[in-house]
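# Observations on chain architecture
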Amino acid sequence: MTSAQIKVLTIEDDTTTAREIAAELEAHGFSVEVEGDGKAGLEKAASGRYDAVTLDRMLPNLDGLTIVTRLRAAGIETPVLMISALSDVDERVRGLRAGGDDYLTKPFAVDEMAARLEVLLRRRKAPALVVKLQVEDLELDLIERVVRRNGNALDLKTTEFRLLEYMMRNSGQTLTRSMIFEAVWNYHFDPYTNLIEVHMARLRKKIDTPGLPPLIHTVWGTGYMLGVKD
Amino acid sequence: MNSLLEHWRISTFRLAVLFGFLFTVANVLLLGLVYWQTTSYLERRIDGSIVTMSGYFKGQDRAQTVAEVKDAVTYDLRKSNVYGLFTPDGQQIVGNMERFPKLPADGKIHEFYHRTLPQYSPGGVASEMPVGLARAMVRQLPGGEILVVGRDFTQASEIKAIILNALIVSGTFIIALGLLGGFFLSVGPLRRINTVRDTARRIMQGELSQRLPVSKRNDEVDMLSSIVNLMLEEIERLLNEVKSVTDNVAHDLRTPLTRLRLTLYRVQQAMAEPGHRRMLDNALTETDALLARFRALLRISEIENRQRRAGFGQIDPQIVLTPIAELFEALAEDKSVRFDVHSTPAPMIHADPGLLFEALSNLVDNAIKFTPEGGQVSVTLGQVEGVACFDVIDSGIGIGPEERDAVLQRFYRGQQGKSDGYGLGLSIVAAIIHLHGFTLTFHESARGTHASVRCGNPQS
């Protein structure tokens, strides 16, 4: 796919935040359209012309929760990343239940936002049922629960297996620490200290053995990525 | 016993008991007076007739006395008199007494027990008279014989006994009634105080909209309740004001902080010169730390403001322990700290598993962070007094007794330990534990820190 074709609608009433979101997404090669009003935002999103939507929770005229509810009611399945100043866990649950695909709390890091949006776009394209994941010479068999690198079976613990599965499903994508923590451990709070780093280091030791080209890469200041670095 | 003690604390009950006591004293005095008056009247009357009867025998010789006594015994149809003429060695010459009474012959009246001889008893020769009480005067006649003149006192003593009995029975009844009355009088106020206590407890648990009940009677308790309710209203208003100010500040800070992070990041991306890039990297790291702290603060107030609703349920505490073991084993190994997790069967708990996990992982994270290489951290789940209990024990630097409360305050960081914590972790733990109604304790420990989370309400 060519990134230039991907169109993102950013519904955000704060102009500075909207500008920075747009700048970051454009840097990722997306074309971005910004809308500051809730009602107009719903109309645009409902047109189905966009591949993804970033949606502020509180907007003039129509709030984000209503927008996503109406979109889903109208049968529009465009991935929606909700961005909210309301961080309450219940708010998050409400946002996801209404049909949001992911939920990000302000203040947020724009690279985190972009990483999450990319994963959402990818998830939509990925076939739902896979039995085997493959990235270069790394294979993960979901049924037999075996991992092979360069043909050699690797001995992974349950956690490491889950972590690797998540990274392979999203190979080539930057994954932030909170995204990993949420997806692998299903918890939604700031992971402490270097918890994720330690788990990643362990996995890395088993996957990227000396002599093989490394597959797990650190994206400085943001997170990790599995794949071949270009 | 407890409930009696509780009643004793109620002023109505104490008043009722005090009145009961005073009433009892008055009653005892009144009946005592009646008793004393009646018995002394009876004694006076009988003693008077004894003196009269004994007067008949004055100045008579022996033969006359014998004849008089014999007549008196014969004609005493009611058998209420006691006569006896005895030789100096106690042999009855004439009279109706069974035996010689051992009384001094001093001419004074004495009370004693006696039995009338059978031949003088009303039913006939064979029947026996019962032993009765009598009062009699004993005198020595000039010839040496001893004359006993007296009167049966049995009936009078029975009347005395009846009065005494009435005194005791009525006194007992009055005391019992006083206690019972006091008890029932204090039931009402006690029930109201209990309602007030329960309401106050609910308010302390965060249900600030609760008010104390006020009845239509408008008595002293109602007046107090009204005053407290006014205070509560004011407190609720102030708290809401503070909360909305905090919320506004937080909201107002969120947007500029977001913008700052966004701008810095964009400049960093655009900057090619390595020196500038490094400076911007540092600025971004600092901004991220700022954002993390800010998020933690918001998280604390979010947890503190939360009601127990979504997410709470009856759970097996084991489901919280398993991921802790899984998640932190790697962290401990990385720091060369020994890490064990044990569990024994524990009762179900009412909790939000996500929040409880957050609290526990914070404690475990701290334990690993503050334990030097080669040390040990153990996490156990068990039960204490029928309540599930998590213990996190480390062999690290420990928390001094003077620091134990301070560590739960926001932004407090131990003086001894140098770490990259934001000093907010334990405040989050405290907020979560408080929300659940659990207790968090830092125990005395010879080495390191021993934190316990007791998953039960201390009141229940």
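Residues numbered from 1 in each chain as written. Chains lettered and ligands numbered in written order. Predicted model: local features only at pLDDT ≥ 70, side-chain atom pairs only at ≥ 80, totals over all residues.

## So, the overall build of chain B
Put simply, the rule is: Runs of H or I in DSSP of at least four residues are treated as helices and runs of E of at least two as strands, each being numbered from the N terminus. With C-beta atoms placed from the backbone, a residue counts as buried when 20 or more other C-beta atoms lie within 10 Å of its own, as exposed when 12 or fewer do, and as partly exposed for counts between those limits. By definition, residue pairs are in contact when their C-beta atoms, positioned from the backbone, come within 7 Å.
If you tally the helices and strands in chain B, you get nine helices and twelve strands. By residue count, 25% of the 460 residues in chain B fall in the buried class. Look at the contacts in chain B between residues 6 or more apart in sequence, and 63% of them connect residues 24 or more apart.

## Description of the overall build of chain A
What chain A contains, in helices and strands, is eight helices and twelve strands. At a minimum sequence separation of 6, the contacts of chain A that also span at least 24 residues come to 59%.

## Overview of the sheet that holds strand E8 (residues 146–149) of chain A
Residue and element names in this part refer to chain A. Quick note on the threshold: Between any two strands, pairing holds if DSSP finds at least two bridges. Angles run from 0 to 180 degrees between N-to-C directions of axes, and those axes are lines fitted to C-alpha atoms, restricted for helices to the stretch in contact.
The antiparallel open sheet is built from four strands, whose spatial order is E6-E7-E8-E9. The strands lining the two open edges of the sheet, one partner per strand, are strand E6 (132–135) and strand E9 (152–154). When the angles between neighbouring strand axes are averaged without regard to direction, this sheet yields 25°. Together, E6, strand E7 (138–141) and E8 form the strand contacts of helix H6 (residues 158–169), whose direction differs from that of E6 by roughly 70°.

## Quick word on helix H2 (residues 38–46) of chain A
Residue and element names in this part refer to chain A. Note the following rule: Note: the arc covers the axis-to-C-beta directions of the helix.
Of all the residues in H2, the buried ones are Gly38, Gly41, Leu42 and Ala45. One side of H2 carries all its buried residues, which in axial view fall inside an arc of 100°. Packing partners of the buried residues in H2 comprise strand E1 (7–11), strand E2 (31–35), strand E3 (52–56) and helix H3 (64–73). Just beyond H2, the residue with positive phi is Gly48, at close to 75°.

## Focus: the packing of H6(A) against helix H7 (residues 177–185) of chain A
Residues and elements named next belong to chain A. Here is the rule we go by: Relative orientations are named as follows: roughly parallel for angles under 35 degrees, roughly antiparallel for angles over 145 degrees, roughly perpendicular for angles from 65 to 115 degrees, and oblique for any other angle. Each helix crossing is assigned a hand: it is left-handed if the near helix lies turned anticlockwise from the far helix by less than a right angle, otherwise right-handed if that turn is clockwise.
In contact at an axis separation of 10 Å, H6 and H7 are set at 120° when each is read in the N-to-C sense. By the angle between their directions, the pair H6 and H7 is classed as oblique. Crossing geometry of H6 relative to H7 is assigned as right-handed. Taken together, the residues of H7 that come into contact with H6 (itself represented by Arg162, Leu163 and Tyr166) are Ile180, Ala183 and Val184.

## Points about the environment of A:Lys44
All names here are of chain A. Topologically, Lys44 is positioned in helix H2. A C-alpha to C-alpha distance of 8.1 Å links Lys44 and Leu9, two positions 35 residues apart in sequence. Those residues in contact with Lys44, other than ones at most four positions away along the chain, are Leu9 and Glu35.

## With respect to the sheet that holds strand E2 (residues 92–95) of chain B
Residue and element names in this part refer to chain B. As summarised here, the arrangement of the five strands in space is E2-E1-E5-E4-E3, forming an open sheet in which the pairing is antiparallel. In the strand order of this sheet, the two ends are held by E2 and strand E3 (109–114), each with one partner. Across the sheet, the mean angle from the axis of one strand to that of its neighbour is 30°, orientation sign disregarded. Examined bridge by bridge, strand E1 (residues 81–86) and E2 share three bridges and lie antiparallel to one another. By the bridge assignment, Gly84 is partnered in E2 with Gly95. Contacting E1, E2 and strand E5 (146–152), helix H3 (residues 62–75) crosses the sheet at an angle of about 155° to E1.

## Brief notes about the interface of chain B and chain A
Going by this rule: Each residue gets one label: Ala, Val, Leu, Ile, Met, Phe, Trp, Tyr, Cys and Pro are nonpolar, Asp, Glu, Lys and Arg are charged, and the others, such as Gly, are polar.
The interface of chain B with chain A comprises 38 residues on the first partner and 30 residues on the second. Contributing elements (two or more residues each) for the side of chain B that touches chain A: helix H5 (220–270), helix H6 (274–305), helix H7 (318–334) and helix H8 (353–369) of chain B. Here the element with the most residues in the side of chain B that touches chain A is H5(B); it accounts for twelve residues. Across the side of chain B that touches chain A, the residue classes break down as 15 nonpolar, nine polar and 14 charged.

## Here's the deal with the pairing of strand E12 (residues 223–226) of chain A
One face of the sheet, then the other: side chains in a regular strand alternate in exactly this way. Residue and element names in this part refer to chain A. With two bridges connecting them, strand E10 (residues 175–176) and E12 associate as antiparallel partners. Directly across from Leu175, in E12, lies its bridge partner Tyr224. Alignment of strand E11 (residues 216–219) against E12, held across four bridges, turns out to be antiparallel. Counterpart to Ile216 in the pairing with E12 is Leu226. Hairpin connection between E11 and E12: a loop of three residues separates the two successive antiparallel strands, and Gly221 in this loop has a positive phi of roughly 75°.

## Topic: the confidence of the model for chain A
What counts is decided by this rule: Scored between 0 and 100, pLDDT is the confidence that the predictor attaches to each residue.
Of all residues in chain A, 93% have pLDDT values of 70 or greater, and the mean over the chain is 86. Ranking the helices and strands of chain A by mean pLDDT puts E1(A) first, with 94, and helix H4 (residues 89–98) of chain A last, with 80.

## Considering the confidence of the model for chain B
Residues and elements named next belong to chain B. Looking at chain B as a whole, the pLDDT averages 80, with 87% of positions reaching at least 70. Looking across chain B, the model is least confident in helix H1 (residues 2–8), with a mean pLDDT of 66, and most confident in strand E7 (residues 338–343), with 92. The low-confidence segment residues 413–422, where pLDDT is below 50, has 13 contacts with residues more than four positions distant or belonging to other chains.

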